[in-house]
Amino acid sequence: MHPPEARKLALRLLASGLTVREIHRQTGIPRQTLYYWKKDPEKAAARVVPTCPHCHSRTLDGRPYSYVLGLYLGDGHIVRSRKPEVYRLEITCADSWPGLIEEAARALSEVMPGQAIGRRKSTGCTNVGAYSKHWPCLFPQHGPGLKHTRKIELVPWQQEITDEFTGDFLRGLIHSDGYRGMNRVKRPVNGEDRWYEYPRYSFSNRSMDIQRMFTDALDRLGIAWRQMNRWNVSVARREAVARLDEFVGPKY
Ligand SMILES: [Zn+2]
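Here we take up the side chain of Ser66. Along the polypeptide, Ser66 turns up in helix 5 (residues 62-75). Not counting residues up to four positions away in its chain, the partners in contact with Ser66 are Ile161, Thr162, Phe165, Asp168 and Phe169.

Now for the nonpolar core. In this structure, Leu73, Trp135, Phe139 and Leu244 are the most contacted members of the largest nonpolar core, which totals 50 residues. The residues contacting Leu73, other than those within four sequence positions of it, are Gln141, Lys147, Ile152, Leu154, Phe169, Leu173, Asn205, Ile210 and Met213. Of all hydrophobic cores here, the second largest spans 11 residues; its members include Ala10, Leu14, Leu34 and Trp37.

A few words on the layout of surface pockets. The volume enclosed by the second largest pocket comes to roughly 360 Å³. Lining the second largest pocket are 20 residues; nearest its centre among them are Gly76, His77, Leu146, Lys147 and His148. Put simply, the parts of the chain that give the lining of the second largest pocket at least two residues each are helix 5 and strand 1 (76-80). For the lining of the second largest pocket, the class distribution of residues is 6 nonpolar, 9 polar and 5 charged.

Turning to the packing of aromatic side chains, a few remarks are in order. The final tally for this structure, using the stated rule, is 5 aromatic pairs. Here Trp135 and Phe139 contribute two aromatic rings whose centre-to-centre distance is 6.0 Å and whose plane-to-plane angle is 35°, an arrangement assigned as tilted. Here Trp135 matches Phe139 in class, with each residue buried. An aromatic cluster of at least three residues, connected via ring pairs, comprises Tyr65, Tyr72, Trp135, Phe139 and Trp157.

With the rule as written, the count across this model stands at 14 salt bridges. Residues Arg212 and Asp209 are paired through a salt bridge, measuring 3.7 Å at the closest nitrogen-oxygen approach. Taken together, the residues Arg212 and Asp209, both in helix 10 (residues 208-220) and 3 residues apart, mark about one turn of the helix. Residues joined by salt bridges that share partners form a network here, namely Arg88, Glu90 and Arg120.

On to the pairing of strand 7 (residues 226-229). As a general feature of sheets, a regular strand has side chains that alternate between the two faces. As judged from the 3 bridges shared by strand 7 and strand 8 (residues 232-235), these two strands associate in the antiparallel manner. Considered in strand 8, the bridge of Arg226 is made with Ser234. Hairpin connection between strand 7 and strand 8: a loop of 2 residues separates the two successive antiparallel strands.

What follows deals with the coordination of the zinc ion. Distances from the zinc ion to its protein donors, Cys52 (SG), Cys55 (SG), His134 (ND1) and Cys137 (SG), fall at 2.1 to 2.4 Å. Around the zinc ion sit 4 donor atoms, and with donor-metal-donor angles ranging over 103 to 114° the site reads as tetrahedral. Mapped onto the polypeptide sequence, the residues donating to the zinc ion form the spacing pattern C-x2-C-x78-H-x2-C. According to the relative accessible area criterion, Cys52 is buried, its value standing at 0%. On the basis of relative accessible area, Cys55 is assigned to the partly exposed category, the value being 42%.

Cut-offs used in this document
Residues numbered from 1 in each chain as written. Predicted model: local features only at pLDDT ≥ 70, side-chain atom pairs only at ≥ 80, totals over all residues. Heavy atoms only, no water. Helix = DSSP H or I, 4+ residues; strand = E, 2+ residues; numbered from the N terminus. Contact = heavy atoms within 4.5 Å. Core = buried A, V, L, I, M, F, W, Y, C linked by side-chain atoms within 4.5 Å. Buried < 20%, exposed > 50% of the residue type's maximum accessible area, 1.4 Å probe, protein only. 1 Å grid on protein atoms, 1.4 Å probe; cavity = no way out; pocket = protein on both sides within 12 Å on 5 of 7 lines; lining within 4 Å. Points joined across faces, edges and corners; volume = space filled by probe spheres on them. Nonpolar A, V, L, I, M, F, W, Y, C, P; charged D, E, K, R; others polar. Phe/Tyr/Trp six-rings, centres within 6.5 Å; stacked < 30°, edge-to-face > 60°. Salt bridge = Lys/Arg side-chain N within 4 Å of Asp/Glu carboxyl O. Pairing = 2+ DSSP bridges. Donors = N, O, S within 2.8 Å, 3.2 Å for Na, K, Ca; no water. Tetrahedral: all angles 85-135°; square planar, octahedral: opposite > 155°, others 65-115°.

What follows is the structure, given as structure tokens:
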């Protein structure tokens, strides 16, 4: 192995057009290696700035990953780009959650460092996304068809991360497919109907698998929930809402 500094310098010099012989003289890196890097600078650069936890054994930061995984399962998708083997991950951020776009962009750049994060405005939302060859490594749930029409399962290493950073996972799921609003209920008091308002979270996803990931995560944190109907789960008890507010927060 060559020290990262020498690698970086060598790649820079290669890009500047210096000869292999001269770069070898300056960095001590064998000529054969330099010829190999010259042929495939992208692969060589990936070794200097490792991007993929799967392919380049880079350590994955579990906290932002858990959040991005929640966002992705809620309202994200991975599409093949026009370039071969390059994918684009996009997270749809509703405009009604101000601050979400910036937070999603920051988390994405922590999960896939070195990639430009793009923002594409659409009606009522902004798509935050980045290109990489390695999105399917990080999100093996990627596959043909809509998420709710096929089986979605976490692989063991993802399960470990969401077990450890459950709050971040829930935060991502709620920021993409959840809602925090006021619920109005009528209660009779001394023979008179009174209206009460209290905050409530609801989560809506058409994939039963993703719904189960959401309710499993709530169970892990001891947060009470209720299945409202086929596609919606609600968290309405006062102490449960207060607990979610600690790390999800009202739309800010
Ligand atoms: Zn990879």
